[in-house]
Amino acid sequence: MTISENLKHVRECIVKEHAKHDVSLIAVSKTFAVQHIEEAIHCGQLAFGENYAQEGAQKVQYFREHFPALRLEWHFIGPLQSNKTRLVAEHFDWVQSVDRVKIATRLSEQRPSSLGKLNVLVEVNIDDQDTKSGVAPEQLHELLDAVSTLPNLHLRGLMCIPKPREGEEEKYVPFQKMRVLFDQYRQEYALDTLSMGMSADFVEAIRSGSTMVRVGSAIFGARNYKNHL
Ligand SMILES: *Cc1c(COP(=O)(O)O)cnc(C)c1O
């Protein structure tokens, strides 16, 4: 299957599900070369997700230089360390993995005013995983409060990366919990984005109320992490 055929298939699945609300598709291009991204752009895909600050910034720079007229949208979706916040604040349009006040504060301070506000999602550790990033649901309200006051950030919503599950019914469990949290805080913070669903579970995520899915391998094929910069 080609990237073009894969994209068409993913889009058809999304359209089939999203009768009740709009769902945006982020093509997760981490580890893939700019040529693959260009192929997706040729099929009309303009929003891309990257996990690594350095690799992502290089790709953003490449497209700024070679295709300055293209209105691409870059989402940083990986774990973010303090020493990488400047790179991210200077290159990306969205950060989906904000889970600490410290990181949010640095992103706000380091955001160049010429780029406008940085859109952010707060990542929730919905499965209480030790190794994963994300704020605990019990601490979510406090973090939303802090992030919403930062001048150069635009708080848009919530994001999660649930642990992998085999059974279809099982996949709904974390998404339904996220939906409850989203509905709980939606009005108070004027949230409009619930980012959940990847290649293996985006249909279940959409059925649970996701407004943004992040799909990598179902579009670009299997990743080779040796290629990550
Ligand atoms: C890699 C990644 C994805 C895409 O995963 P696929 O299973 O390839 O669709 C989505 N979200 C995040 C945060 C990721 O790191």
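Scroll up for the structure.
About the thresholds
- Residues numbered from 1 in each chain as written.
- Predicted model: local features only at pLDDT ≥ 70, side-chain atom pairs only at ≥ 80, totals over all residues.
- Heavy atoms only, no water.
- Near = heavy atom within 4 Å.
- Polar contact = N/O pair within 3.5 Å; in protein donor to acceptor, adjacent residues only side chain to side chain.
- Areas by Shrake-Rupley, 256 points an atom, 1.4 Å probe, with all protein chains shown as cover.
- Nonpolar A, V, L, I, M, F, W, Y, C, P; charged D, E, K, R; others polar.
- Core = buried A, V, L, I, M, F, W, Y, C linked by side-chain atoms within 4.5 Å.
- Buried < 20%, exposed > 50% of the residue type's maximum accessible area, 1.4 Å probe, protein only.
- Phe/Tyr/Trp six-rings, centres within 6.5 Å; stacked < 30°, edge-to-face > 60°.
- Helix = DSSP H or I, 4+ residues; strand = E, 2+ residues; numbered from the N terminus.

A word on the site of the ligand
Step number 1: In the neighbourhood of the ligand, the contacting residues comprise Val 28, Lys 30, Asn 51, Ile 77, Ile 161, Met 198, Ser 199, Arg 214, Val 215, Gly 216, Ser 217 and Arg 223.
Step number 2: Here an oxygen atom of the ligand and a side-chain polar atom of Lys 30 are 2.7 Å apart.
Step number 3: The contact in question runs from a nitrogen atom of the ligand to an N or O atom on the side chain of Arg 214, over 2.9 Å.
Step number 4: Relative to its free-state accessible area of 390 Å², the ligand is covered by the protein chains to the extent of 90%.
Step number 5: Of the residues assigned to the shell around the ligand, the class counts are five nonpolar, four polar and three charged.

Observations regarding the nonpolar core
Step number 1: Residues Leu 107, Val 122 and Leu 158 are the most contacted members of the largest nonpolar core, which totals 60 residues.
Step number 2: The next biggest cluster of nonpolar side chains, apart from the first, holds six residues, and it includes Ile 26, Ala 47, Trp 94 and Leu 121.

Structural notes on the packing of aromatic side chains
Step number 1: Tallying each qualifying case throughout the model produces seven aromatic pairs.
Step number 2: A centroid spacing of 5.9 Å and a plane angle of 40° characterise the contact between Phe 63 and Trp 74, whose relative ring orientation is tilted. A residue pair is termed long-range when its members are at least 10 positions apart, and Phe 63 in helix H3 (residues 53-66) and Trp 74 in strand E3 (residues 73-76) qualify at eleven residues. Comparing Phe 63 with Trp 74 shows no difference in burial state: the two are buried.
Step number 3: Through successive ring pairs, a cluster of aromatic residues spans Phe 48, Tyr 62, Phe 63, Phe 67 and Trp 74.

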